[in-house]
Structures are given as C-alpha cells and as structure tokens.
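# Structure at a glance
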Amino acid sequence: WREKPQLPLDPSFSNLISRIAPYMTFRQISYVLNSSGRPSNHWQPFDLKRLRYVYSVKKKVQEISESYGGLSFLPQSFFVSIFLGEATRSSLRAPMDIVAENHVKPEAADHTKRTVLSKLRRHRLEGSSRLTEEDDEGFVMSPASRVASLSNLHLQHEQPRLASKYNSSSGVEDLLGDSLLGPQDVAILLQAGLTSVMKGSTVVQLNQRMLLDLMASQPRTFAIAVLAELGTPGSQGVPRALTSALMAFIEMDQSSFKPAHRIDIHNLLESWLPGLKIPRRDDYLAGGRWARQSYYDAIFGVSVSILDLAEVYSGLKLRIQRVRHSNESDPVPGPKEESFLTGVETSSDEFHNNANSKLATSINAAKEKIATADDLGKSAVFELKSSGKPSKECASCASAISAYKKAFAACAQVLSLDKNAFQAHWFKSFFRRNYDALMVKSVYDNVIEDVDNVRIWMDALRRGSSLRSTVPVCDGLESNYPRSILDDLDKVFSPISSTQGENSFITNPFFACPEKQKEQDIVDAIIAALFYDPSEREFIANDPLVRLLIPNDPGNYNFTIITAMGVITEGKKGRELEKAVERLKKKRGVV
C-alpha cells in the first residue's frame, strides 16, 4: 500500500479492503478513498463500488448517531428508510435452504406473493397502516421470522448456508458476513428506532424489521456483534448500558404487524445465543414463576454473557480500527543519542564532536546552558539566603533565571529534532527538576494569593509532617481564618499537637501569615510538607531551579485538563475544582 503507491493494488488485497470496509470507521474509509492518493484504476471495479457505497452509508449513519430520539427528529425515520431498504436488500443472504416445520419451503414458494414488509409498504401508501385478513394468506416469511419460528434451533446451525460469490473465502465470510452495514452501524440504527418517540409508526417498525432481517441473514457472530454494540456503539461494551438497551430491544413495538407476522424476539435472541435463556418479563411479575427475583438482574446476566461471546468481534474490531505504527516485536524507540552510542559507532566523543550532526550540536548546547544556569543559580541562592531578599529583588537571580530560560529553549530545540530525546538521562533529569520546581512554585503562589483554603491545608500538612512548629506566633490570625474553620480544625488537630496552648496548631500557625515570613522559609516549609523521602527533600531544597521560583511565561496555553471531580460528592456534577478551572480559563485561556 505504501511501498508501491504508483502500482495498482493486488486483486486479493483490493478485495480484502472492500470486505472489511463495513467494520472500518468512517474516517478510515474516507482516508482510503480520498486521502491515500491512489487513483480509481488501482482498485478492482467491484471493490471500489462497494467501498464507495459503504462510505455513503456510514456517512448517513454517522449523521444519525450524532442526534436521534427527540421530538425534533420525527422525520428521521423516513430519512432512514430511504437508504436502509436498499442497503439491507443488497446485503441479505438468508439461508434459503433451511426447512422450517409448518412453513412453505423457500424453494417451492410462489415468488409472485409479497412479503409482509412489502404489503405494509403498500398499505401505508394507500393510507392504511395495518394488514387486512386477506394479506394473511400465503405470506412469505422474512429471514428474521424464519429464524425465530424454527422449532429445532440446532438444525439451523448445522445447515449449510446458501453459496455466494465469496465462497472462495468461506472462512472469512463465516466471521465477517457480507453485509454492507457493519455491526456498529446496525446497532446505531436499531437504537435510533428504540429511542424514537414514534415507536408505533409503521415506518419505524419497518426499519426495525429490516434490520432484524439483515442480522438474521448474516452469520451468528454478526448478530452477537450487533448486540454487543447495542449498549454503547463505537466503544467498549458496558454491561449496564447493554442491559437497558436489551430491555428495550425485547419489548420492541410490532403493533403494525398482525400477530401471526410478529417476531418472537426471545426466540430470535436465543437462536443467536445458544445455551442462553432470555428472561421473559411476565415470569418476574406478581404470580410469575420468578416473581421473587429481579428481572433486571436476569437481563444483566445475559448482557455479560453477550459481551463475553463478543470478545472475538472486539478483537477483530481493534485489529481493523487501531493504527499500529510498529509491531510488538519491534524494540521500544529511544533517543537517537543513545541509539548512536549503542550502534556501530560507540564513541561518545565521536557523537558529540560530529560537526555535521545538527542534533549533536543542539544536545551539546543544551547541556552547556543547563550547566551554566546551575552555576549562576547556586550563586543566586547563596545571595538569597544571606540577604534574606525575595528572588524578584535579587540582581544575581535575574541573571540565573535568564540563563535557565535559555536552557529551556535549548531543550525545546533538541526535542524538535528528536521526539524521543526526553528519554535521555540528562533530559529526563532536567525535566523532573522542572516538574518539582513548578509544583513548589504553584503552591507558593496559592499561599501568597490565599487561594481557596490552601493556607489551612498547608498548615495541616506541615503539622502532620513535623508534629511541632518553631515558627513565631502570627498575630491577627482571626482576621485571616473564619472562626468556624478555626474551631473545627482545632478539634481535628489538637490530638496530634505536642503540647496544648503555646504550640497548638491554632495558636502557632505558619502559612496563615506568609507576609510575615521570608520567601525562602516558605519554600522550605512547602518542600518539607509536600515531599516525604528525606533524600528527595534535601535534593529539591538544594536545587537552585526550585529556589528561584521561576514562573511559566504569561499567555494562553493549549493543553487538556483531566479531572476526577465528584468521585465522592455529587458525581458528574461535582464542583470541587470549579474555581481552579475558572482561574485557568482566566489566566491561561483553557476552556
């Protein structure tokens, strides 16, 4: 496909792509047809026609999947019926050689007689939505009706299917089928009908019957795949979602059909799910044989079994729809610097002194700028501690901060040349130092700006880590903390106080009055409260990158926030991080 883009595709490969097209995503088919750069004459004519048809069907299904079920989508069922009839008619390959007891043999049936679906369409055009008694004579059963009415379900699975033009690949066909609609597409259309406010409409019921006929005409694995997709189409199966969908599926409205023409959904499902018994709601109502048990739990058990049976389909879908840029046997990609050193040329000096290597030049420059910034930073930190001034008022600090920003830019240049450079030891070490420094800087800003209850919680963390404070008492504490919070915290933390009164948490805080503390003392207190390991605390406390409190450059940033709000409070409506998100939106433009 990629190695020889100028040559026509091998016929077998062209056929394979067209066969698996219903299982591909819309974006994949769109890429194959429109973005691959291959002309039409590279495909086999039939395969290209099939691909284009599947593309058009999936495009319509995608439009339906984005919105369905409400009053504003009443005309949607008519829109669906326009293309659904053609798609299902082109896909049907029912096992016509199956003989059902008490029914006419398909091969001996009078082909001049109409099916139930065709009669319903004719009556709808004539203004009537119900079949008459005359239409009940000699009807030809649809595939779903035949499957559901078979008295010997075991016979159905043993009978060979009708031969088709793909018999040369019967093994693949038994798994994929030959439907132009994939399992996910059928599940979406079924859900659109199940959630429609016009379930009693003849059009909606005709659409549902055509989809059932399509499922019945395909291999059993196809029907299982549709049922697995029914709960949450396009994603991993969720038993609870599938349970709700199955309950609606079993109670599907068939009032437009005469009783003799209606499908027993329970029998239909059991024919697709051998060994499973589909619960009937009447058995779980008052007076039923299972009245003391839960109907929902019974359907939930069936849902779990369906998802277990659909594991083969899930694996196939992942295989088709997931992009793999490398094989499992391929080595894990690493930085080019290490790849060079472990190759034929094993000399480190040769790599770093290679004047023709732009990457080597950038790496050398980045390392030099990091070392220069660290030297300036150590001198600046010494001045900070000796003078007691904040970093903003220290001249040597400005020089060190400028040097560090140059080091940041040099590292960004290296990363632009080698996307795996961050795995190199020197790069990873500098990245971690920046991470810790920004964490300390973030907490420091929150303490100074008195964001939310950060001061209270930092004092709590500090008390928990040291158990005893030697910081001078802060006057005017009541003006900083609400009295109710002070009372509650005094009760909570009084058991861990070393003594009562003088060294109590309430009477001897630290973060409550940061304006009375030195900048570097606050940094020390934050490091002591946040980091547990003594060696890690010592390393971070001696890092000039942390001490200088270097902020991110101002402006908007493009990144994604993943939160876990509401885990223990109000669920998806949780508001724990609401203020934090608002601050990020205002300061960084994150929406």
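Definitions and limits used
Residues numbered from 1 in each chain as written. Predicted model: local features only at pLDDT ≥ 70, side-chain atom pairs only at ≥ 80, totals over all residues. Heavy atoms only, no water. Helix = DSSP H or I, 4+ residues; strand = E, 2+ residues; numbered from the N terminus. Buried < 20%, exposed > 50% of the residue type's maximum accessible area, 1.4 Å probe, protein only. Contact = heavy atoms within 4.5 Å. Areas by Shrake-Rupley, 256 points an atom, 1.4 Å probe, with all protein chains shown as cover. pLDDT = per-residue confidence, 0-100. Phe/Tyr/Trp six-rings, centres within 6.5 Å; stacked < 30°, edge-to-face > 60°. Lys NZ or Arg CZ within 6 Å of the ring centre and 35° of its normal. Salt bridge = Lys/Arg side-chain N within 4 Å of Asp/Glu carboxyl O.

### A word on the overall build of the protein
The helix and strand tally for the protein stands at 27 helices and 0 strands. Relative to its 591 residues, the protein shows a buried fraction of 42%. Excluding contacts between residues fewer than 6 apart, the proportion of contacts in the protein whose partners are at least 24 apart in sequence is 72%. About 33100 Å² of surface is accessible on the protein, with carbon and sulfur atoms providing 54% of the total.

### Topic: the confidence of the model for the protein
Across the protein, the average pLDDT comes to 76, with 69% of residues at or above 70. Counting interchain partners and residues more than four positions distant, the pLDDT-below-50 stretch residues 93-113 has 36 contacts. Counted against residues more than four places away or in other chains, residues 151-170, with its pLDDT under 50, gives 33 contacts.

### Points about the packing of aromatic side chains
As enumerated under the stated definition, the model contains 6 aromatic pairs in all. Between Phe510 and Phe511, the ring centres sit 5.1 Å apart and the planes meet at 90 degrees, which makes this aromatic pair edge-to-face. Exposure class is identical for Phe510 and Phe511. Each is buried. Against the face of Phe257 rests Arg209, its NZ or CZ located 3.9 Å from the ring centre.

### What about the pattern of salt bridges?
In total, this model carries 14 salt bridges according to the counting rule given. With a shortest N-O distance of 3.8 Å, Glu270 and Lys277 are connected by a salt bridge. Across the pair Glu337 and Lys367 runs a salt bridge whose closest N-O atoms are separated by 3.4 Å. Of this pair, Glu337 sits in helix α16 (residues 336-341) while Lys367 sits in helix α18 (residues 358-387); the two residues are 30 residues apart in sequence, bridging distant segments of the chain.

### Comments concerning unusual backbone geometry
The phi dihedral of Asp450 is positive, around 55 degrees, even though this residue is not glycine. Positive phi is not limited to glycine here, since Asp452 has a value of about 50 degrees. As for its placement among the helices and strands, Asp452 is situated in the loop between α20 (425-449) and α21 (454-466).

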